[in-house]
Amino acid sequence: MLVMWVVGGLLIWLAIKKDFEPSLLIPMGFGAILVNLPYTGVLGDNGIVQWLYHAGISASEAMPLLLFVGIGAMIDFGPLLSNPRMFLFGGAAQFGIFFTVFMAVLLGFPLKDAISAGVIGAADGPTSILVAQTLKSNYVGAITVAAYSYMALVPVIQPFAIRLVTTKKERKIRMPYRPESVSKTTKILFPIVVTLIAGLIAPDSVALVGFLMFGNLIRECGKLESLCKTAEGPLSNLITIFLGITVSFQMQAEKFVRWDTLLIMALGLFAFAFDSIGGVLFAKLMNLFLPEGKKFNPMVGAAGISAFPMSARVIQKMGLEEDNQNHLLMHAVGANVAGQIGSVVAGGILLKLAETLIH
């Protein structure tokens, strides 16, 4: 219990002192302390945290899915649609997920736990929760905490991973932004078409993709402005507050303070770092076939993970550090929103794989 109090305090300190996603880490940190008090009243048949967990996550993944409606309402797919090549990074930056699944199996973890650990690499809390819950992983708590913590730590983890595989010259590559015009009709049709394609390719991902795209359709249709503001503001904020407290149900000391749990979290960190590296290496591979003046800044590939918009902001900041006239934000945003789609589709593919191999 003392260890978990320290963990809770650390999460709160990171949120307040370092400004790492306070809306996520403060509820999670305080919740970790709540559920690890002796004879705590928030657990048990009448405990509010236990009830929230079973009603909001365990029964139907309602909280993660409702949060995706809000995320969809926030996302502008215009930068992606004006430069469709960014879709490639949304797929390439999922490399770490599949590589980590392979590594976890070699380390002796059951497939359901290996897959759940790998999905942490997407830095996508709702997808990680859905996959771990659906597969009934033994490490739901650690996976949930790792997914949200690593998402908050994007400004720390990603720059380190990117610098490992890029040179200063590569990080200085300029990418002028010349967006193509995207019609209103295209923006409206996009969420519908993506939902149809995802539903056919990876049916198990359709809940996540569908709720994300439903939120985006509310944004783009032009007829539901008040609902859009509610989804991206009050709804997202309310769900985020309670989601953080709720996932702390799985942070009880007897479940959390174990070597295998720490190994799962380490595998998740490995997956996250290699997702970023995979996107960078794919951009470098593409540059071999592109003429001068048309090359990608490899850092943009790392934005193909799901941590929106934190990853895009990190790439913009790194670009300006190398060259104060190099503005990569809109390119990174395009890759970042592609990664939002890519991560949930990857989650659906892994669920289908688990269903095939386990059953």
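Given the structure is predicted, the values throughout are model-derived calculations rather than measurements. (Residues numbered from 1 in each chain as written. Predicted model: local features only at pLDDT ≥ 70, side-chain atom pairs only at ≥ 80, totals over all residues. Heavy atoms only, no water.)

(A) Spatial organisation of the overall build of the protein chain. Counting its secondary structure elements, the protein chain contains 20 helices and zero strands. At 20 Å, the protein chain has a C-alpha radius of gyration in line with the 21 Å of a compact globule built from 359 residues. Judged by the C-alpha coordinates and their principal axes, the protein chain covers about 65 × 45 × 45 Å. In the protein chain, which comprises 359 residues, the share counted as buried stands at 57%. Partitioning the contacts of the protein chain with sequence separation of at least 6, the portion at a separation of at least 24 is 78%. Carbon together with sulfur atoms contributes 68% to the accessible area of the protein chain, which is approximately 15600 Å² in total. Between the mean site of the 25 positive side-chain charges and the mean site of the 21 negative ones, the protein chain shows a separation of 8 Å. (Helix = DSSP H or I, 4+ residues; strand = E, 2+ residues; numbered from the N terminus. Rg over C-alpha atoms; globule rule 2.2 N^0.38 Å. Buried < 20%, exposed > 50% of the residue type's maximum accessible area, 1.4 Å probe, protein only. Contact = heavy atoms within 4.5 Å. Areas by Shrake-Rupley, 256 points an atom, 1.4 Å probe, with all protein chains shown as cover. Lys, Arg positive; Asp, Glu negative; His and termini not counted. Charge placed at Lys NZ, Arg CZ, Asp CG, Glu CD.)

(B) Region of the structure containing the packing of helix H4 (residues 62–74) against helix H9 (residues 125–134). Relative to each other, H4 and H9 sit at 150°, their axes nearing to 9 Å. Comparing the axis directions of H4 and H9 gives the class roughly antiparallel. Of the two possible hands of crossing, H4 and H9 adopt the one that is left-handed. Contacts from Pro64, Leu67 and Phe68 in H4 reach Pro126, Thr127 and Ile129 in H9. A class-by-class count of the residues in the contact of H4 with H9 yields five nonpolar, one polar and no charged. (Axes fitted to C-alpha atoms, helices over the stretch in contact; angles between N-to-C directions. Parallel < 35°, antiparallel > 145°, perpendicular 65-115°, else oblique. Left-handed = near helix turned anticlockwise from the far one by under 90°. Nonpolar A, V, L, I, M, F, W, Y, C, P; charged D, E, K, R; others polar.)

(C) Examining the packing of aromatic side chains more closely. Going through the model one piece at a time under the given rule, you end up with 10 aromatic pairs. Aromatic side chains Phe89 and Phe282 sit 5.9 Å apart centroid to centroid with 85° between the ring planes, which places their arrangement in the edge-to-face category. Placement of Phe89 in helix H6 (residues 87–92) and of Phe282 in helix H17 (residues 259–287) is noted, with a sequence separation of 193 residues between them. Of the residues examined, Phe282 reaches a relative accessible area of 25% and is grouped as partly exposed. Aromatic pair Phe99 and Phe270: ring centres 5.8 Å apart, planes at 35°, arrangement tilted. Of this pair, Phe99 sits in helix H7 (residues 95–106) while Phe270 is found in helix H17, placing the two residues 171 residues apart along the sequence. Here the aromatic residues Phe95, Phe99, Phe270 and Phe274 are joined through ring pairs into a cluster of three or more. (Phe/Tyr/Trp six-rings, centres within 6.5 Å; stacked < 30°, edge-to-face > 60°.)

(D) Seen up close, a nonpolar patch on the surface. Together, Leu189, Ile192, Val193, Leu196, Ile197, Leu200 and Ile201 make up a nonpolar patch on the protein surface, roughly 690 Å² of accessible area in all. You can call Val193 partly exposed: its relative accessible area is 39%. (Patch = residues over 30% accessible without salt bridge, like charges linked within 9 Å, V, L, I, M, F, W, Y side chains within 5 Å. Salt bridge = Lys/Arg side-chain N within 4 Å of Asp/Glu carboxyl O.)

(E) Structural context of unusual backbone geometry. One non-glycine residue, Tyr39, lies in positive phi territory at about 55°. Position of Tyr39 among the secondary structure elements: in the loop between helix H2 (22–34) and helix H3 (48–58). Look at Lys136: it is not a glycine, yet its phi comes out positive at around 55°. For Lys136, the location among the structural elements is in the loop between H9 and helix H10 (140–152).

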